[in-house]
Amino acid sequence: MIRSFLSAVLVLFPAIAFAGPAEEIAPLLNGQSTVVAHIDLTKLEAQKIVDNLRKAVDDTLLAVGLPEQEVEQYKGMVKMGLAMGMMQAQGVLGKLTKDGKATDAFLVVDLAVNEVMGMPVPEPNVFVAIPVGDKGKAETDAIRTAFKTMKMDVNFVRHGFVVGVFVKDADSKNDVMDFAKERFKDADPVDYPMLATAFERADAAPINVAILPSESHKEISKPKDIQLPQGIQIPPEVMKDIETQQKIAKITSEGFDWMAIGVDPQALSLRYVLKFKTADQAKEIDELYREQLNNSIEMLGNMGMLPLEASEIRKAIELFMPKLEGDCFESQIDRALFAENAELFGNLAKAGMAAFQTMQRNMQRDFGGAPSVEAFGDSDAEEGDDN
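Residues numbered from 1 in each chain as written. Predicted model: local features only at pLDDT ≥ 70, side-chain atom pairs only at ≥ 80, totals over all residues. Heavy atoms only, no water.

A look at the pattern of salt bridges
- Inspection of the entire model under this criterion finds 14 salt bridges.
- One salt bridge connects Asp141 with Lys137, and the closest N-O pair in it is separated by 2.6 Å. Separated by 4 residues within a single helix, Asp141 and Lys137 lie in helix H5 (residues 137-149), roughly one turn from each other.
- You can call Asp141 partly exposed: its relative accessible area is 29%.
- Ionic pairing is found between Lys218 and Glu215, a salt bridge with its closest N-O pair at 3.5 Å. With Lys218 and Glu215 both in helix H8 (residues 215-221) and 3 residues apart, this pair spans about one turn of that helix.
- In this structure Lys218 comes out as partly exposed when scored by relative accessible area, which is 32%.
- On the basis of relative accessible area, Glu215 is assigned to the exposed category, the value being 54%.
- Connected via shared salt-bridge partners are Arg201, Arg271 and Glu330. (Salt bridge = Lys/Arg side-chain N within 4 Å of Asp/Glu carboxyl O. Helix = DSSP H or I, 4+ residues; strand = E, 2+ residues; numbered from the N terminus. Buried < 20%, exposed > 50% of the residue type's maximum accessible area, 1.4 Å probe, protein only.)

Written as structure tokens, this is what we have:
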């Protein structure tokens, strides 16, 4: 009998010891689980993220070609904001990893569907779950304290996790508590076999996000009938765009399989893979999106709202559009992409800044004043003046 028990343990041990993130979070997923993110806390370094963000901002300001005084003002704003963000991030990470001994965290978005005026409206409920493992009370208390600093005042230990549910404001706390009591009363998981594959395709980045074909996602994705009030006429080009969106919604609701996003905040890189059930569905979606892009560029051009030549706008958008490979779309966005196309993005940034300044001047002319860059810089106010 003892030998049989040991044999069973040895058979099960590899599955237990080497269970991946998808298997670990599986007990907490239900039919409304639409977004599941795995965060490897051991791979996040707040200082490295801040340093790279600061360098990216400096490069962007240089590409825009602003006057030196304005560049320094923007840098000061960014530096102050990043310093505050880093202090908060380091505090939370320290509490989780040092005091709470946490190595992994999961963020899950349940997408409920409510009906408003006959239309399905998504209602997201967001929670974070950290595996308890062999943690003691002091460690779980440290994690719960960290949760409170992130607006997760509703937190508890359940089903092998320390769970924290986001609370938007004091008025919503009772509703959040009602949700938590019902949602985590029993573990009644729904199997998402594609989750492990999605996490793998995200290339083991510090943050892996999977978007799943939950029942609620399917409901929201369905194409909606457009009913216009009697006598309302829509321009042909707008009607064409609406029809294209309807086609996209239909294929997405029927053919969406999963989407994986891998984020490395230290390297400022993002990779994503979007999978459909068949290659034909993916090809049709690609053609429809390109048709929609052409229609939008043409319409904005006719309205005089393109900051650059249409060919330049199209080239920039193409750099971000994913490449179709069989039944998948794949894309990589990182600093190398911007470095290799510095001139193009520099021209776009300059055109965007010029458009903003024109809008600002128009607001000052029409409404007697608007916030300006100088409002965020140094002033001649006396030291200690709070005004």
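Resuming the write-up.
A short note on the nonpolar core
- Counting residues in hydrophobic clusters, the biggest one holds 31 residues, and the most contacted among them are Ile25, Val163, Val165, Phe184 and Leu195.
- Where this core is concerned, the elements lending two or more residues are helix H2 (21-25), strand E2 (104-116), strand E3 (119-131), strand E4 (154-158), strand E5 (161-165), helix H6 (173-183), helix H7 (194-201) and strand E7 (256-264).
- It is H7 that contributes the most residues to this core, 4 residues altogether.
- For Ile25, the contacting residues outside a window of four places in its chain are Val36, Phe106, Val108, Ala129, Phe161 and Leu195.
- Counting 16 residues, the second-largest nonpolar core is a separate cluster that includes Leu41, Leu44, Ile143 and Val162. (Core = buried A, V, L, I, M, F, W, Y, C linked by side-chain atoms within 4.5 Å. Contact = heavy atoms within 4.5 Å.)

A word on the packing of helix H4 (residues 68-99) against H5
- Where H4 meets H5, the axes come as close as 8 Å, and the angle between the chain directions of the two elements is 165°. In terms of axis orientation, H4 runs roughly antiparallel to H5. Crossing geometry of H4 relative to H5 is assigned as left-handed. Packed against H4, whose contacting residues are Val92, Lys95, Leu96 and Asp99, the element H5 presents Glu139, Ala142, Ile143, Thr145, Ala146 and Thr149 at the interface.
- Split into classes, the residues belonging to the contact of H4 with H5 amount to 5 nonpolar, 2 polar and 3 charged. (Axes fitted to C-alpha atoms, helices over the stretch in contact; angles between N-to-C directions. Parallel < 35°, antiparallel > 145°, perpendicular 65-115°, else oblique. Left-handed = near helix turned anticlockwise from the far one by under 90°. Nonpolar A, V, L, I, M, F, W, Y, C, P; charged D, E, K, R; others polar.)

A word on the confidence of the model for the protein chain
- Confidence in the prediction of the protein chain, expressed as mean pLDDT, is 83, and 88% of residues score 70 or more.
- Taking the mean pLDDT of every element in the protein chain, the minimum, 40, falls on helix H1 (residues 2-17) and the maximum, 96, on E5.
- Across residues 1-18, confidence stays below pLDDT 50; counting only partners more than four residues off in sequence or on other chains, it has 1 contact.
- Between residues 373-387, whose pLDDT stays under 50, and residues either more than four places distant or in other chains, the model counts 7 contacts. (pLDDT = per-residue confidence, 0-100.)

Considerations on the sheet that holds E3
- In space, the 10 strands of this open sheet follow the order E4-E5-E3-E2-E1-E6-E7-E8-E10-E9, with antiparallel pairing throughout. Single-partner strands in this sheet number two, and they are E4 and strand E9 (323-325). Shown here is a sheet whose adjacent strand axes are inclined to one another by a mean of 20°, direction ignored.
- The sheet contact formed by strand E6 (residues 207-211) and E7 spans 5 bridges and is antiparallel. Looking at the pairing, Ile207 lines up with Val263 of E7.
- In the packing of H7 onto the sheet, the strands contacted are strand E1 (33-40), E6, E7, strand E8 (269-276) and strand E10 (328-333), and the crossing angle to E7 comes to about 35°.
- The sheet strands contacting helix H9 (residues 236-255) are E7 and E8, and the helix crosses E7 at an angle near 90°. (Pairing = 2+ DSSP bridges.)

A look at a nonpolar patch on the surface
- There is a patch of nonpolar side chains on the surface, built from Phe356, Met359, Met363 and Phe367 and spanning about 420 Å² of accessible area.
- Examined against the element boundaries, Met359 turns out to sit in helix H13 (residues 342-367). (Patch = residues over 30% accessible without salt bridge, like charges linked within 9 Å, V, L, I, M, F, W, Y side chains within 5 Å. Areas by Shrake-Rupley, 256 points an atom, 1.4 Å probe, with all protein chains shown as cover.)

Notes on the packing of aromatic side chains
- Counted according to the given criterion, the structure contains 7 aromatic pairs.
- Here Phe338 and Phe345 contribute two aromatic rings whose centre-to-centre distance is 4.8 Å and whose plane-to-plane angle is 40°, an arrangement assigned as tilted.
- Residue classification places Phe338 among the partly exposed residues on the basis of a relative accessible area of 37%.
- In this structure Phe345 comes out as buried when scored by relative accessible area, which is 13%. (Phe/Tyr/Trp six-rings, centres within 6.5 Å; stacked < 30°, edge-to-face > 60°.)

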